[in-house]
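Architecture at a glance
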Amino acid sequence: MNGISKGIRKVEIALKWDPSPAGQPPTDLDIVAATYLASEPHGDPAYVVHFDSRSPDGTIYLNRDSKDGKGFGWDEVLTVELYRLDPRYARVVVGVALQQRPARRTFVSVVNPALRIREEYTDLALDDFGGVLGATAAAVAEFRRDESGVWEFHPGVTGYEDDPTDFAQVMGTLRRP
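The present account deals with the structure reproduced in this document. Each chain carries its own residue numbering, running from 1 in the direction its sequence is written. Totals for whole chains, interfaces and linings use all residues, but because this is a predicted model, local features are given only for residues with pLDDT of at least 70 and pairs of side-chain atoms are given and counted only at 80 or more. The basis for every side-chain value is the complete set of heavy atoms in the structure, and neither hydrogens nor water enter the calculation.

A separate point is a negative patch on the surface. The residues that make up patches have over 30% relative accessible area and no salt bridge, and they are joined within 9 Å when like-charged or within 5 Å when they are Val, Leu, Ile, Met, Phe, Trp or Tyr. Areas reported here follow the Shrake-Rupley algorithm with a probe of radius 1.4 Å; residue values treat only the protein chains shown as occluding. The rule for a salt bridge is simple: a side-chain nitrogen of Lys or Arg has to be within 4 Å of a carboxyl oxygen of Asp or Glu. Only four residue types enter the tally: Lys and Arg on the positive side, Asp and Glu on the negative side, with His and both chain ends excluded. Throughout, a charge is located at the NZ atom of Lys, the CZ atom of Arg, the CG atom of Asp or the CD atom of Glu. On the surface, Glu161, Asp162, Asp163 and Asp166 cluster together to form a negatively charged patch. Helix and strand assignments come from DSSP, with helices taken as H or I runs of at least 4 residues and strands as E runs of at least 2, each series counted from the N terminus. Turning to its location among the elements, Asp163 is positioned in the loop between strand 10 (151–160) and helix 1 (167–170). Only protein chains enter the accessibility calculation, which uses a 1.4 Å probe; a residue is then buried when its area is under 20% of its type maximum, exposed when over 50%, and partly exposed in between. Assessed through its relative accessible area of 40%, Asp163 is described here as partly exposed.

Bringing the environment of Val150 into the picture now. Along the chain, the position of Val150 falls in the loop between strand 9 (137–145) and strand 10. Taking the C-alpha atoms as reference points, Val150 and Leu82, 68 residues apart in sequence, are found 9.4 Å from one another.

Paired strands, as defined in this entry, are two strands with at least two bridges between them according to DSSP. Strand order in this open sheet of five strands is 4-5-1-7-8, and the pairing throughout is antiparallel. The open sheet terminates on both sides in strands that have one partner only, identified here as strand 4 (60–64) and strand 8 (122–127). Between one strand axis and the next, the sheet turns by 20° as a mean value, whatever way the strands run. With five bridges connecting them, strand 7 (residues 111–119) and strand 8 associate as antiparallel partners. Looking across to strand 8, one finds that Ile117 is bridged to Ala125. Orientation is described by axes fitted as lines to C-alpha atoms, over the contacting stretch for helices, and by angles from 0 to 180 degrees between their N-to-C directions.

Right, let's get into the sheet that holds strand 6 (residues 89–98). Here we have five strands laid out as an open sheet, ordered 3-2-6-9-10, and antiparallel in their pairing. The open sheet is flanked by strand 3 (47–49) and strand 10, the only strands paired with a single partner. When strand polarity is set aside, the average angle formed by the axes of neighbouring strands in this sheet is 20°.

The next point concerns the nonpolar core. Among the buried residues, those of types Ala, Val, Leu, Ile, Met, Phe, Trp, Tyr and Cys that are joined through side-chain atoms within 4.5 Å form a nonpolar core. With 34 residues, the main nonpolar core has Ile13, Leu78, Val92, Val94, Phe107, Phe129 and Phe143 as its most contacted residues. In terms of residue count, the dominant contributor to this core is strand 6 (five residues). The contact partners of Leu78, leaving out residues within four places of it in the chain, are Val11, Glu12, Ile13, Ile31, Ala33, Val49, Ile60, Tyr61, Leu62, Asn63 and Val94. Counting 11 residues, the second largest nonpolar core, distinct from the first, contains Ala34, Ala137, Ala168 and Met171. In this analysis, two residues are considered to be in contact whenever any of their non-hydrogen atoms come within 4.5 Å of each other.

And the structure:
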C-alpha cells in the first residue's frame, strides 16, 4: 500500500451451495466474523457476529442467511464495513461453519460450495473449499489494520476439524501474522 491508499474499506463475503440431494437432511453453512482488539489482536474475540446477530455498532451484518442452499445466487452474505470500525479494533477474522445437525458433516458433503470475497466490484478471493474437504469449519479471510489505520486483506482458507461449536472462539488462532 502506498501513502495515499485508503486500503480495504467495505467487503462482502458471500457463500453459495446447492441443496442436499433428495432424501438427505438440508446442508446449512454459516458465515461467522470475529473482531479483535488492537491491545490483544490474537487473544479472545471482542465480539462475534453470526446468524441472528450483528455487531454492536452495526458495522458487520448478515444480509442473507440460508438454512438449505435453496436461494438464488449467493445464499449467505455478510457485509463488513471496515472503514467504520472503531480504532480500538485491529483485526477481523471471517469463517464458515457447517451446522452439524442431525449428523457430523464436513465440506466434502457440501454440493457445489463457493466462496466470494469482494470489495465493490473487485473479487479479492474465490474458493470452493477443495483444500479443506475434511473440515467442519474454515477461517476464510483476515483483515488487519496497519499502524497508519489502513485495512489490509490477508486471503487463505484454513480448515478446522473439531467441534464447530468452539470454532468462533478459536478461528482467530488458526491464522497467524
